[in-house]
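One-letter residues, chain by chain:
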Amino acid sequence: MSDRVIITDVGPRDGLQNQQKILSPSERLRLINALSKAGVPVIEVGSFVSPKAVPAMVGTDEIVGSLTADSKSLYTALIPNMKGYELAVKAGVKSVTMVLYASESMAQKNVNMSMLQAEDVTVDILRCAKQDELEVITIVSVAFGCPFDGPIDPSVVAQVTGKFLALDADRVVLADTIGAANPLQVRELITKLTKTHGTEKLGCHFHDTRAMGVANVFAAVESGIRHFDASIAGLGGCPFAPGATGNVATEDVVMMLEQMGFDTGIDLNDLMAASDLAVQLTGTAPGGRSKVWLKRYLAEQAERETTAQYAIN
Ligand code: COA
Ligand code: ZN
C-alpha cells in the first residue's frame, strides 16, 4: 500500500468560520499562501455560503481570484447549494466540497434541508461538475456521532458513502464533526466501508474535542486511509455543532505520519511558520500539541546541518 498520504488543510474554512475575530480576505489569503508554501497538497480556502449564516466566510470569491495560479496546491471551496456552486465556478475554483449528512438534525441545523434534500442537491452539483470538469469532494458530516441525535448507525454512513461513490464523487470524507469518535469505532467503520469500496476514494476528518484526534488518524491510517483533513494550529469548530472544538492540528498529523515513515510532501519548517501565522492572526488558535517539541527538533537539525557544512568547507 502507498506510503504517500494526502493532507487537506481545512483551517482557512473549518478553522476560520468559527473564530470570534473575523479575518479580512487579505489575512485569510496570507494563511493560505503560507500553507501552500509549506507544500500542503490540498487547501480548503473558504466557503460560498449565506453571508448571514457564516459572516466569516464573506470574500471567498476575492480570495480565490487572488490565488497564485502556479501554486502546486489544489484549492477547494465548500458549497451548500447550487447558488454556492455557481458562485464558486464564477470565482474560478477547480474543486468544490459538498456536505452530506448522517443525521436529520445536523442537516436541518446546518443548511435548513433534510438529509435527502442535501443529497439531491449534491447529485445535481455532481452532474454540473462533470460537465464543467470540476472535482467534487463530498463530506459525510457527523459520521461518528451527532450533537443533536447522538450515536450514528454505521449503516447510514455506509449507505450515503456507497451512493456517492457510485455517482463518481472524487472522494467521500467521513467527518467526525464534533470529535466524538474513538479509534476502535474508526477502525470498525473503515473496515466495513473498505471491504466494499477499497480505500482510494475515502478520506477522514477528525476534530480533537476529546483529545483523540491523532489516535483516530492512527486508526484510520492503519485501516488503509490515505487522505486526511487537518487544520493548521488546530483551528476550528462548527458554528452549528455545539461543543465542537478545532480539527486535529496539521502539524501533529504530519509529524506522526512522517515519523511512521509516510510521505506527506510537506515542509515542517514552513508548516511551523504557517502555524505561527494562524496563531498570530486569530489570537485563539491553540497550535499543535507537538509544536514545542517540533520547533526544538527543527532548530537542532538546522544547527547540525550548519556544523556539518563547516566541517566539509
Ligand atoms: N452563497 C451566498 N448566499 C446564499 C447562498 C450561497 N451559497 N445560498 C443562499 N444564499 C442567500 C440567498 O440568496 C438569501 O439571501 P437574501 O436573504 O438576501 O435573499 C439567503 O442566503 C437565504 O437563502 P435561502 O435559500 O432561503 O436559504 P436558507 O436561509 O434556508 O439557508 C443555506 C440555507 C444553505 C444558504 C445556509 O444555511 C448556509 O449558507 N449554510 C451554510 C452553513 C455552513 O457553512 N456550515 C458550516 C460548514 S459545514
Ligand atoms: Zn470539521
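Before reading further, recall that the structure is shown in the block above.
Just so it is clear, the model here is predicted, and its values are computed rather than measured.

**Q** I'd like a description of the coordination of the zinc ion (ligand 2), backed by residues and values.
**A** Surrounding the zinc ion (ligand 2) are the protein donor atoms Asp14 (OD), His205 (NE2) and His207 (NE2), at 2.0 to 2.1 Å. Read from N- to C-terminus, the donor residues coordinating the zinc ion (ligand 2) fall into the pattern D-x190-H-x1-H. In this pair, Asp14 sits in helix 1 (residues 11-15) while His207 sits in the loop between strand 7 (202-206) and helix 9 (213-222), placing the two residues 193 residues apart along the sequence. Like His207, Asp14 is buried.

**Q** Before we move on, could you go through the nonpolar core and cite the residues and values that matter?
**A** Of all hydrophobic cores here, the largest spans 98 residues; its most connected members are Ile7, Leu31, Val96, Leu174, Phe206, Phe228 and Leu271. For Phe228, the contacting residues outside a window of four places in its chain are Val5, Ile6, Ile7, Thr8, Cys204, Phe206, Val217, Ala220 and Val221.

**Q** Now, about the side chain of Thr60: what can you tell me, with residues and values included?
**A** Mapping Thr60 onto the fold places it in helix 3 (residues 60-66). When sequence neighbours within four positions are dropped, the list of residues in contact with Thr60 reads Arg28, Gly46, Ser47 and Phe48.

**Q** Could you give an account of the site of ligand 1, naming the residues involved and the relevant values?
**A** The full set close to ligand 1 counts 18 residues, and Ser50, Lys52, Asn81, Asn110 and Asn112 are the nearest of them. Separating an oxygen atom of ligand 1 from a backbone N or O atom of Ser50 is a distance of 2.8 Å. Residue Asn110 places a side-chain N or O atom 2.8 Å away from a nitrogen atom belonging to ligand 1. Mapped by element, the contributors of at least two residues to the shell around ligand 1 are helix 4 (82-91) and helix 5 (104-111).

**Q** Break down the packing of aromatic side chains for me, citing the residues and quoting the values.
**A** Taken as a whole, this structure holds two aromatic pairs when the rule is applied. Taking 5.9 Å as the distance between ring centres and 45 degrees as the angle between the ring planes, the aromatic pair formed by Phe144 and Phe206 counts as tilted. Taken together, the positions of Phe144 in the loop between strand 5 (135-141) and helix 7 (154-166) and Phe206 in strand 7 put the pair 62 residues apart, joining distant regions of the chain. Between Trp293 and Tyr297, the ring centres sit 5.0 Å apart and the planes meet at 10 degrees, which makes this aromatic pair stacked. Of this pair, Trp293 and Tyr297 both sit in helix 12 (residues 291-312), separated by four residues, roughly a single helical turn. Over the face of the ring belonging to Phe148 we find Lys109, whose NZ or CZ atom lies 5.2 Å from the ring centre.

**Q** Go over the packing of helix 9 against helix 10 (residues 250-259) with me, naming the residues and quoting the values.
**A** Two numbers describe how helix 9 lies on helix 10: the axes approach to 10 Å, and their chain directions differ by 45 degrees. Looking at the two axes, helix 9 sits oblique to helix 10. When the axes of helix 9 and helix 10 are compared, the crossing they make is right-handed. The residues of helix 10 that touch helix 9, namely those facing Val214, Val217, Phe218 and Val221, are Asp252, Val253, Met256 and Leu257. Here the residues of the contact of helix 9 with helix 10 sort into seven nonpolar, no polar and one charged.

**Q** Residue-level account of the pairing of strand 8 (residues 227-230), with values.
**A** Side chains His227 and Asp229 project from strand 8 onto one buried face, and the interleaved Phe228 and Ala230 project onto a second face that is buried too. Bridge analysis of strand 1 (residues 6-9) against strand 8 gives four bridges, and the strand direction is parallel. By the bridge assignment for strand 8, Asp9 is matched with Ala230. Relative to strand 8, strand 7 runs parallel, the two sharing two bridges.

Conventions used here
Residues numbered from 1 in each chain as written. Chains lettered and ligands numbered in written order. Predicted model: local features only at pLDDT ≥ 70, side-chain atom pairs only at ≥ 80, totals over all residues. Heavy atoms only, no water. Donors = N, O, S within 2.8 Å, 3.2 Å for Na, K, Ca; no water. Helix = DSSP H or I, 4+ residues; strand = E, 2+ residues; numbered from the N terminus. Buried < 20%, exposed > 50% of the residue type's maximum accessible area, 1.4 Å probe, protein only. Core = buried A, V, L, I, M, F, W, Y, C linked by side-chain atoms within 4.5 Å. Contact = heavy atoms within 4.5 Å. Near = heavy atom within 4 Å. Polar contact = N/O pair within 3.5 Å; in protein donor to acceptor, adjacent residues only side chain to side chain. Phe/Tyr/Trp six-rings, centres within 6.5 Å; stacked < 30°, edge-to-face > 60°. Lys NZ or Arg CZ within 6 Å of the ring centre and 35° of its normal. Axes fitted to C-alpha atoms, helices over the stretch in contact; angles between N-to-C directions. Parallel < 35°, antiparallel > 145°, perpendicular 65-115°, else oblique. Left-handed = near helix turned anticlockwise from the far one by under 90°. Nonpolar A, V, L, I, M, F, W, Y, C, P; charged D, E, K, R; others polar. Pairing = 2+ DSSP bridges.

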